[in-house]
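What the coordinates show
Now for the letters of each chain:
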Amino acid sequence: MHFKIRAAAKEDCREISRMIKELAVFEKMSDQVKISHEDNKTSVVFLVTRVFVVPPGFTLVGYALYFYTYSTWTGRSVYLEDLYVMPEFRGNGIGKGLMSKVAEVGKKKQCVRLQLSVLDWNTPARDFYATKGAQDLTAGEGWHFIRFDGQSLDDLVNEAPED
C-alpha cells in the first residue's frame, strides 16, 4: 500500500477530530473527549501532528500527535500523545511509519527519548512497542502517571501563593 506522511494543516482538523473520537471509543473513554475540530484548529499551532494520507482521494487514515517535554536528568524529550490508525488500514506499516517519523523529528530536535502511555489492557500496542525496543517503566522503574483535573486542579490553583 502506498502512503505518505506529512505535517497536519488546519484543514485537517475535522478529520483529525474524527479520528480522536474513534481512538476514544477504542480506549473506552469516548465520554472524555471535550474538544471540537474548531478547538483543534488553534491547537495545531502548538502541537505537532503528522497524518497519513492514502491515495486515491487523499484520505486521512491515521495520525500521530506529539509535543516536546524536558527531563531534568537527560534533556529534551518528545512525548507521543496519540498514535492512531483506522482499523481497516492497520497492518500495513502505517503505525510504525508514524511512530518512526515522530522519532526522526525528535532526534532532529536533539530529543534523547520518546515517551508515551499505553493502557494496560492494550496488549497489541504494548507488544508492538516492545518489539521496537520500548521499555515499560511501570514494571521496570515503578513510575506512575499522575493527573490533576477538574476540581482537584482548581483546588491546587487556589492554594498557589500570590505573586
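Refer to the structure presented above.
The notes below deal with the structure included here. (Residues numbered from 1 in each chain as written. Predicted model: local features only at pLDDT ≥ 70, side-chain atom pairs only at ≥ 80, totals over all residues. Heavy atoms only, no water.)

Each helix and strand counted, the protein chain has six helices and five strands in total. Along the protein chain, from the amino end to the carboxyl end, the secondary structure elements read β-α-α-β-β-β-α-β-α-α-α. Contacts spanning at least 24 positions in sequence make up 58% of the contacts within the protein chain whose residues lie at least 6 apart. (Helix = DSSP H or I, 4+ residues; strand = E, 2+ residues; numbered from the N terminus. Contact = heavy atoms within 4.5 Å.)

Bringing the nonpolar core into the picture now. Grouped together as the largest cluster of nonpolar side chains are 26 residues, with contacts concentrated most on Tyr 63, Leu 80 and Leu 83. Where this core is concerned, the elements lending two or more residues are helix H1 (13-26), strand E3 (59-71), strand E4 (75-85), helix H3 (94-108) and helix H4 (123-131). (Core = buried A, V, L, I, M, F, W, Y, C linked by side-chain atoms within 4.5 Å. Buried < 20%, exposed > 50% of the residue type's maximum accessible area, 1.4 Å probe, protein only.)

Attention now goes to unusual backbone geometry. Even without being glycine, Lys 28 reaches a positive phi, approximately 60 degrees. Among the secondary structure elements, Lys 28 is positioned in the loop between H1 and helix H2 (37-43). Lys 28 gets classed as exposed once you look at its relative accessible area, which sits at 63%. For Gln 110, which is not a glycine, the phi torsion comes out positive at approximately 65 degrees. Assignment of secondary structure puts Gln 110 in the loop between H3 and strand E5 (113-116).

Right, let's get into a nonpolar patch on the surface. On the surface, Ile 146, Phe 148, Leu 153, Leu 156 and Val 157 cluster together into a nonpolar patch covering about 510 Å² of accessible area. Along the chain, Val 157 turns up in helix H6 (residues 150-158). (Patch = residues over 30% accessible without salt bridge, like charges linked within 9 Å, V, L, I, M, F, W, Y side chains within 5 Å. Areas by Shrake-Rupley, 256 points an atom, 1.4 Å probe, with all protein chains shown as cover. Salt bridge = Lys/Arg side-chain N within 4 Å of Asp/Glu carboxyl O.)

Before going further, it helps to spend a moment on the environment of Ala 7. Counting through the fold element by element, Ala 7 comes out in strand E1 (residues 4-7). C-alpha of Ala 7 to C-alpha of Ala 64: the two residues are 57 residues apart in sequence and 9.7 Å apart in space.

On to the pairing of E5. Note that E4 and E5 share four bridges and pair parallel. Residue Tyr 79 lies in a different strand from E5, and its bridge partner there is Gln 115. (Pairing = 2+ DSSP bridges.)

Moving on, we come to the pattern of salt bridges. Two side chains with opposite charge may pair up if their charged atoms get near one another. Following the criterion strictly, the structure yields five salt bridges and no others. For Glu 15, the salt bridge goes to Arg 18, with nearest N and O atoms at 2.6 Å. Separated by three residues within a single helix, Glu 15 and Arg 18 lie in helix H1, roughly one turn from each other. We classify Glu 15 as partly exposed; its relative accessible area is 31%.

In this sheet, E4 lies alongside E3 in antiparallel orientation, the contact comprising ten bridges. Along E4, the bridge assignment pairs Leu 65 with Asp 82. As consecutive antiparallel partners, E3 and E4 are separated by three residues.

With the rule as written, the count across this model stands at five aromatic pairs. Judged by centre distance (6.2 Å) and plane angle (45 degrees), the ring pair of Tyr 63 and Tyr 84 falls under tilted. In this pair, Tyr 63 sits in strand E3 while Tyr 84 sits in strand E4, placing the two residues 21 residues apart along the sequence. Assessed through its relative accessible area of 0%, Tyr 63 is described here as buried. (Phe/Tyr/Trp six-rings, centres within 6.5 Å; stacked < 30°, edge-to-face > 60°.)

Coordinates in, geometry out; function isn't part of it.
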